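Okay, here's what each chain looks like letter by letter:
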Amino acid sequence: MSSSASSTRLSVMNMAASLPSVSGYSSATSSIYKRTANTNILERHLNKTRGTEVSVNAFAFLFSEMLQYTQKRVHGIQDLERKLNELGYRVGIRALDLLVWREKNSKRETRVLGMLYFIHTTVWKTMFGKQADSLEKSTENEDEYMISDNDPIVSKFISVPKDVSQLNCGAFMAGIVEAIMDGCQFPSRVTAHTVPIEGFPLRTTILIKLDKEVLEREEQLK
């Protein structure tokens, strides 16, 4: 990365090395493409795309481009994290609609732990390909819970320059969680914090601070 203005740009690391070559496509892949090329994505049945994985390369590239686009339109790290949170919130609202539609046999969660476990497992697997690494309750504050990801995909392929070294890309994930909590009637304030441990320097903890009304309802349901 040069010392010019381009040094402040957030970029994808080693993406080109992992991209498949054109010659790597098989005839089977070609035939699948021919069958689906004329299919309008809006006409596909939502359940038929269930379990379909998005290329990590594609996700990392798009997320990096989103970061660079947003970085040019903000002032400071806090403003950038706020924008990432807002973008994540928009994704979370749409993801919740899709998950609720697909999980037709699931019950509506009314308890805090059930809701958090849903995010820890189902939401994380859907959005990031694996469940979160831990779900904990704060020992200091009754209204705080933490979901941790040891190797968050939103930070894995991002090279952060020294002048914005305090940036936490997990703000995007926090926005997704906050949208799902709000959409399921568990209003909360959700933030992302880097909490590195040995072997996992990018470990991110999503801190969920529940609104007072959620705690009052939880007491009534006991």
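Scope of this entry: the structure provided in the associated data block. (Residues numbered from 1 in each chain as written. Predicted model: local features only at pLDDT ≥ 70, side-chain atom pairs only at ≥ 80, totals over all residues. Heavy atoms only, no water.)

Under the counting rule described, the total for this entry stands at three aromatic pairs. Members of the aromatic cluster, connected to one another through ring pairs, are F59, F63 and F172. In this structure, R73 packs its charged tip against the face of Y69, placed 3.7 Å from the ring centre. Looking at R217, its charged tip hangs above the ring of F186, at a distance of 4.7 Å from the centre. (Phe/Tyr/Trp six-rings, centres within 6.5 Å; stacked < 30°, edge-to-face > 60°. Lys NZ or Arg CZ within 6 Å of the ring centre and 35° of its normal.)

The subject of this paragraph is the packing of helix 3 (residues 56-71) against helix 4 (residues 77-102). For the pair helix 3 and helix 4, interaxial distance at closest approach is 10 Å and the crossing angle is 130 degrees. By the angle between their directions, the pair helix 3 and helix 4 is classed as oblique. Where helix 3 crosses over helix 4, the two elements pack in a sense that is right-handed. In this structure, helix 3 contributes M66, L67, T70 and Q71 to the contact, and helix 4 contributes L80, K83, L84 and L87. Across the contact of helix 3 with helix 4, the residue classes tally to five nonpolar, two polar and one charged. (Axes fitted to C-alpha atoms, helices over the stretch in contact; angles between N-to-C directions. Helix = DSSP H or I, 4+ residues; strand = E, 2+ residues; numbered from the N terminus. Parallel < 35°, antiparallel > 145°, perpendicular 65-115°, else oblique. Left-handed = near helix turned anticlockwise from the far one by under 90°. Contact = heavy atoms within 4.5 Å. Nonpolar A, V, L, I, M, F, W, Y, C, P; charged D, E, K, R; others polar.)

Quick look at helix 7 (residues 171-183) now. Counted at 1.5 Å a residue, the expected span for helix 7 with its 13 residues is 18 Å, and the 18 Å between its end C-alpha atoms agrees. Along helix 7, the positions that sit buried rather than exposed are A171, F172, M173, A174, G175, I176, V177, E178, A179, I180 and M181. Two residues or fewer after helix 7 comes Q185, characterised by a positive phi angle close to 65 degrees. (Expected span 1.5 Å × (residues − 1). Buried < 20%, exposed > 50% of the residue type's maximum accessible area, 1.4 Å probe, protein only.)

Next up on the list: the nonpolar core. By size, the foremost hydrophobic cluster in this structure holds 38 residues, and its most contacted members are I119, W124, I180, M181, I206 and I208. At the level of elements, helix 3, helix 4, helix 5 (112-128), strand 3 (144-149), helix 7, strand 5 (188-194) and strand 6 (204-210) are the ones that each hand at least two residues to this core. Not counting residues within four places of it along the chain, the set of residues in contact with I180 comprises G92, L96, M115, F118, I119 and V123. (Core = buried A, V, L, I, M, F, W, Y, C linked by side-chain atoms within 4.5 Å.)

Turning to the pattern of salt bridges, a few remarks are in order. Enumeration according to the criterion identifies eleven salt bridges in this entry. Of the charged contacts in the structure, one is a salt bridge between E218 and R111, with a shortest N-O distance of 3.0 Å. Placement of E218 in helix 8 (residues 212-221) and of R111 in the loop between helix 4 and helix 5 is noted, with a sequence separation of 107 residues between them. Classification of R111 by relative accessible area gives partly exposed; the value is 30%. The salt bridge involving K137 is made with E142; its shortest N-O contact spans 2.9 Å. (Salt bridge = Lys/Arg side-chain N within 4 Å of Asp/Glu carboxyl O.)

Note that all results are geometric; they support no functional claim without further evidence.
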